[in-house]
Amino acid sequence: MSISLLINYRVLLGGIRFWRDKWPDRGRLQDLFPVIFKAVKAKDASIADMIVNNSWNFEFRRSLNANKKLQWDLLRRDCYPIPVLVEAKDEVDIMENFSAKKCYEVLTGTYPPCNFDSHLWKHNIPNKVSFILWASFHDSISTRDMLVHRGMSIQSDLCVLCNDEKETFDHMFLHCTYSFAIWDYFIKAFKISWSMPRNLFQFFEAWFTNILQGMGKKVWKIIHYAICWTLWKERNGRVFGGRQKSVAENIDLVKQRVVLWSCDTDSFRFVPPSLIWSNGEVLMSE
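Residues numbered from 1 in each chain as written. Predicted model: local features only at pLDDT ≥ 70, side-chain atom pairs only at ≥ 80, totals over all residues. Heavy atoms only, no water.

Draft legend 1. A look at the environment of R17. For R17, the location among the structural elements is in the loop between strand 1 (7-10) and helix 1 (29-32). Judged by its relative accessible area of 35%, R17 is partly exposed. In this structure the C-alpha to C-alpha distance between R17 and L29, which are twelve residues apart in sequence, comes to 10.0 Å. With near-sequence residues (within four places) excluded, R17 lies in contact with W23, D44, A45 and S46. (Helix = DSSP H or I, 4+ residues; strand = E, 2+ residues; numbered from the N terminus. Buried < 20%, exposed > 50% of the residue type's maximum accessible area, 1.4 Å probe, protein only. Contact = heavy atoms within 4.5 Å.)

Draft legend 2. Local environment of helix 4 (residues 66-78). In this model, helix 4 (13 residues) spans 19 Å end to end at C-alpha, consistent with the 18 Å of a helix rising 1.5 Å per residue. Within helix 4, the full set of buried residues consists of N67, K68, Q71, W72 and L75. Angular distribution of buried residues about the axis of helix 4 spans 135°; they occupy a single face of the element. On its buried face, helix 4 is in contact with helix 1, helix 2 (34-39), helix 8 (169-175) and helix 9 (177-189). (Expected span 1.5 Å × (residues − 1). Arc of directions from axis to C-beta.)

Draft legend 3. Spatial organisation of helix 6 (residues 127-137). All of the buried residues in helix 6 are V129, S130, I132, L133, A135, S136 and F137. Residues of helix 6 that are buried make contact with helix 8, helix 10 (200-207), helix 11 (214-239) and helix 12 (247-261). At the exit of helix 6 stands D139, carrying a positive phi of roughly 55°.

Draft legend 4. Main features of a nonpolar patch on the surface. A contiguous nonpolar surface patch, about 320 Å² in accessible area, is contributed by W121, F131 and W134. Mapped onto the fold, W134 is located in helix 6. Assessed through its relative accessible area of 32%, W134 is described here as partly exposed. (Patch = residues over 30% accessible without salt bridge, like charges linked within 9 Å, V, L, I, M, F, W, Y side chains within 5 Å. Areas by Shrake-Rupley, 256 points an atom, 1.4 Å probe, with all protein chains shown as cover. Salt bridge = Lys/Arg side-chain N within 4 Å of Asp/Glu carboxyl O.)

Draft legend 5. Inspection of the packing of helix 11 against helix 12 at higher detail. One way to put it is that helix 11 packs onto helix 12 with a least axis distance of 9 Å and a crossing angle of 130°. By the angle class used here, helix 11 and helix 12 are oblique. The two elements helix 11 and helix 12 cross, and the hand of that crossing is right-handed. Residue-level contacts link V219, I222, I223, Y225, A226, I227, W229, T230, K233 and E234 of helix 11 to N250, L253, V254, R257, V258 and W261 of helix 12. Of the residues that constitute the contact of helix 11 with helix 12, the class distribution is eleven nonpolar, two polar and three charged. (Axes fitted to C-alpha atoms, helices over the stretch in contact; angles between N-to-C directions. Parallel < 35°, antiparallel > 145°, perpendicular 65-115°, else oblique. Left-handed = near helix turned anticlockwise from the far one by under 90°. Nonpolar A, V, L, I, M, F, W, Y, C, P; charged D, E, K, R; others polar.)

Draft legend 6. Representation of the nonpolar core within the structure. If you look at the biggest cluster of nonpolar residues, it comprises 49 residues, and the most contacted ones within it are L133, F173, W183, L200 and I223. If you list the elements that add at least two residues to this core, you get helix 6, helix 8, helix 9, helix 10, helix 11 and helix 12. Formed by 21 residues, the second largest nonpolar core is a distinct cluster that contains I16, L29, M50 and I51. (Core = buried A, V, L, I, M, F, W, Y, C linked by side-chain atoms within 4.5 Å.)

Draft legend 7. The packing of aromatic side chains, seen in detail. The final tally for this structure, using the stated rule, is 19 aromatic pairs. Residues F204 and Y225 carry aromatic rings whose centres are separated by 5.3 Å and whose planes lie at 70° to one another, so their mutual orientation is edge-to-face. Here the residue F204 occupies a position in helix 10, and Y225 occupies one in helix 11, the gap between them amounting to 21 residues. Lying over the aromatic face of F37, K43 brings its terminal NZ or CZ to 5.5 Å of the ring centre. Sitting above the plane of the Y178 ring, R238 keeps its charged end 4.7 Å from the centroid. (Phe/Tyr/Trp six-rings, centres within 6.5 Å; stacked < 30°, edge-to-face > 60°. Lys NZ or Arg CZ within 6 Å of the ring centre and 35° of its normal.)

Draft legend 8. Expanded view of unusual backbone geometry. The phi angle at N53 is positive, at roughly 55°, despite the residue not being glycine. Residue placement: N53 occurs in the loop between strand 2 (51-52) and strand 3 (55-56). The backbone phi angle of W121 is positive, close to 60°, even though this residue is not glycine. Relative to the assigned elements, W121 resides in the loop between helix 5 (100-107) and helix 6. Given a relative accessible area of 43%, W121 falls into the partly exposed group.

Draft legend 9. Geometry of the environment of R28. For R28, the location among the structural elements is in the loop between strand 1 and helix 1. Separated by eleven residues in the primary sequence, R28 and R17 have C-alpha atoms spaced 9.7 Å apart.

On their own, these measurements won't tell you what the molecule is for.
Encoded structure:
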């Protein structure tokens, strides 16, 4: 745990950093909204810098896609009402009844381990898919960012799917514009609103909070595995000189894998394959 997470601020003059300091009750905005934090220009701006004519003033490096716009709306909701600045020093509180001993105990305390196994080794999910996810959860998947971290010399550390951001496994599976286009297609098919969590484990944890019924519920339980595996296959194909598939082609591959992985259940027993390919979004919303 970082010591900065134990510090709370009360905004008065507005010298507190908007993104990097923990002035909202829920935590630092750079941690709560990492996608928006990456997109803004002034990452070290103070709260006073961000307020212009009694409104928040944000400048982005590029236009926001659908995922970023959703997080942008959530951020604006959480940042209202806008603080009224006064000529007084901002107040800082480091824990309650601070002492060096108490701070040390908090920073070195034990925390419950993440239960990765609850998302792995499912009976209808191929073991190779669970292995890739297991490696991702343990920060050992060989993305370009990880290869650089291990001291290997590579031509570029940019994501091979979008060629825009550094290729980490969280970016590749969740935040890449190419990947998000596939997620966006299926999430819209389920007719739900969804904001991408910060990392892959949080994503899997959040995936099971949605309550669906009928066919949609059965598909929902396995489709995120199919999407992750399809993205991993696409990524490796490009790295090793394979043909680059379009988003539409990989969407069809996801549908194919969902059906194949469900063959030992009755999920698609009476559904013609032509209906799955041509009108799969209707099945998922049922």
